[in-house]
Amino acid sequence: MLFSTGYLFLSSSLKSRDQDSVQLKLEELSALYQSGGIDQLKREISIGKKFVEKNPFLIRLADRHNRTLVLILPYQWLESDLKKLEDMDASEDLKWIRLPIKDKKYEMEVGSVFLKKSYILQVGKSNEEREKILFHFREIFSFVTIPLILLGFAGGIFVAHKSLLPVRNLIATLRSIESGKMNARVASRQTDDELDELIMLFNRMLERIESLIRGMRDALDNIAHDLRTPMTRFRGIAERALQPDRNGESCEEALGTCLEESDQILKMLNTLMDISEAETGTIKLDLEVVNVSILIDRVLDLYRYTAEEKGIHINFSVQNDLHSGIDQQKMGQVLSNLIDNAIKYTPDNGYIDIDASREDNRVVIRIRDSGMGIPEEELPRIWDRLFRGEQAHTQRGLGLGLSLVKAIVQAHKGVIDVSSELGKGSTFTIILPSKN
Amino acid sequence: MRVLLVEDDKKIASFISKGLKEAGFATDHTEDGIDGLHLALNESYDAAIIDIMLPGLDGLSLIEELRRKKINTPIIVLSAKRSVDDRIKGLQIGGDDYLTKPFSFSELLARVQALIRRSSGVTEPNMLEVRDLSMNIITREITRGDTKIELQPREFSLLEYLMRNKGRVLSKTMILEHVWDYNFDPQTNVVDVLVCRLRNKVEKEFEHKLIHTIRGVGYVLKED
């Protein structure tokens, strides 16, 4: 842009300089004609003929019929076609005509005037010099400016390329995830700028998604595995019932067992789903501020007769006005599982203590039984899915209750702990945030 | 009695239809939600059993549309989802009862019969009698033959429930819902314990057994 403006300016000023010098010459010769007449003019022109090398001008004097009287041509222009000049109409005003020079790139610019309507005077000058300067100018442009522009372009591309590198890394990572590579991460640039933060957030999101997917996959594997055993039993019973020697009564018996087994499988599936939901964090807790005393009372009501049947005495003490943000139904499941266990493993005429209080702004619920206790080596494993302790085998159960309890408590951002003494009993302690 | 069944699983639909027919119901069945809506709007039914996942129009939208058109047929919602949210949603939009798959047919039947009874506006009697067992709802007096029987509140509630539904099998879930107002399975044998206690008080001293266990389904109070 700058260059083309400069170029135009330069070429037009050079052109007007050339034209000015031609005009000057014309005026000089006209003045000579005015003062000394045609002879004086002829003489002057002829003198110039001798210094033809030094004279850069073409000068032609012709009569009114445009027949050449005197002609001076710089020697390098000898090839020019003068026919055009001879064909020119005479006119009072200054007229310009362009005369190509044979085999050269240059042209001659010829100015033409009519002297007193009797002679035609033509003065021309080559634009060679001008073209040379302009050629140099163009040359400078192509040697300096074009590389400069190219360099600018390249620099721009380079900078853009470099600053978009993290974005491209992001895209590449996304692509690899799309093709199933879940553990791909974008490398941090350690620059502490917005892009770095974006990368960090992006990685964190990937982390969360990956752990969710892994959790779900594990849960699915576990469920598939855990269902195989009861399914096998189910199948076995049905198959045996189909043996040819079976009578109607034993078929009925088998069908009844099948129904029970199918209920058992359903119960297991439901519990496993609950555990998985709670563990992977996909559980939807319906939290509301709940009076803990009322909640425990409601669960205890369910077990009153069961405890009574075994002669078990349940002591329940709760601090007044004890509230916590709880999903009633799910925490009810937790408490009912723990109380159910406590009753199951406490011998006849034993006791169960339940107390709830506020400690350090947290809600603590303790369920202490006077049961057989849990051997120390079994303690860490009681939360495992399908783990059933030595003594547990005398009781019915799926071995899933405590896994569910732990998962739900943790989903409430709470903690559950157990302590036990063989032969004396176990204490389960649930600690919940006072208000979730 | 005429029941509309909208269920897209052919096998489930077939065993429900057969069972309802055996129980004396006429059943119209369709697999498509739009057809179901059409039938429910143009025919008169005593009850409808509607699955949630349906081709054409889902069950919840179907029920919503029916209720908007002021069709008050009692509806049981069937669903493969057992979350509390789904249950609440099903009941909020106008379902009268909610049953999660898999379910026992006896339970479905008992629920259908209970719904029809409720909506027909028949006043429940204050005196219940099954053979020599009688219960006065007002005075809460129970006698079997000449013997007076003392029951605790939950036991009374269970016996009343069984007597009102004599001849119908009640599942453990239904008993939990009715007696304790619990609508989730606490995974315990509390129902068995309660039934056992009730048996001790109502049957132990007597020759004729009234409460029968139906394996894998629940309990039933039988007259014969």
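Residues numbered from 1 in each chain as written. Chains lettered and ligands numbered in written order. Predicted model: local features only at pLDDT ≥ 70, side-chain atom pairs only at ≥ 80, totals over all residues. Heavy atoms only, no water.

(A) Highlighting the interface of chain A and chain B. In this assembly, 29 residues from chain A lie in contact with 25 residues from chain B. Ranking the residues of chain A by area buried against chain B places Leu302, Tyr305 and Gln329 of chain A at the top, with a combined share of 28%. Counting every contact that joins chain A to chain B gives five salt bridges. One salt bridge in this structure joins Glu260 of chain A and Arg215 of chain B, with 2.9 Å as the shortest N-O distance. Counting across the chain A and chain B interface gives nine residue pairs in polar contact (both at pLDDT 80 or more). Going through the elements one at a time, helix H6 (248–280), helix H7 (292–309) and helix H8 (328–345) of chain A are the ones with two or more residues in the side of chain A that touches chain B. Tallying contributions element by element places H6 of chain A first for the side of chain A that touches chain B, with twelve residues. Grouping the constituent residues of the side of chain A that touches chain B by class yields eight nonpolar, nine polar and twelve charged. (Contact = heavy atoms within 4.5 Å. Buried area = accessible area lost by both parts, 1.4 Å probe. Salt bridge = Lys/Arg side-chain N within 4 Å of Asp/Glu carboxyl O. Polar contact = N/O pair within 3.5 Å; in protein donor to acceptor, adjacent residues only side chain to side chain. Helix = DSSP H or I, 4+ residues; strand = E, 2+ residues; numbered from the N terminus. Nonpolar A, V, L, I, M, F, W, Y, C, P; charged D, E, K, R; others polar.)

(B) Region of interest: the confidence of the model for chain A. Per-residue confidence for chain A gives a mean pLDDT of 82, with 92% of residues at or over 70. Ranking the elements of chain A by mean pLDDT puts helix H2 (residues 83–86) of chain A last, at 71, and strand S10 (residues 362–369) of chain A first, at 93. (pLDDT = per-residue confidence, 0-100.)

(C) Inspection of the packing of aromatic side chains at higher detail. Residues and elements named next belong to chain B. Throughout the structure, instances matching the rule amount to five aromatic pairs over all chains. A centroid spacing of 6.2 Å and a plane angle of 40 degrees characterise the contact between Phe15 and Phe103, whose relative ring orientation is tilted. Here Phe15, found in helix H1 (residues 10–22), pairs with Phe103, found in the loop between strand S5 (97–100) and helix H5 (105–120); they are 88 residues apart in sequence, far enough to count as distant. Take Phe15: its relative accessible area is 36%, and that puts it in the partly exposed class. An angle of 75 degrees between the planes, with centres 6.4 Å apart, marks the rings of Phe15 and Phe105 as edge-to-face. Highlighted residues: Phe15 in helix H1 and Phe105 in helix H5, separated in sequence by 90 residues. (Phe/Tyr/Trp six-rings, centres within 6.5 Å; stacked < 30°, edge-to-face > 60°. Buried < 20%, exposed > 50% of the residue type's maximum accessible area, 1.4 Å probe, protein only.)

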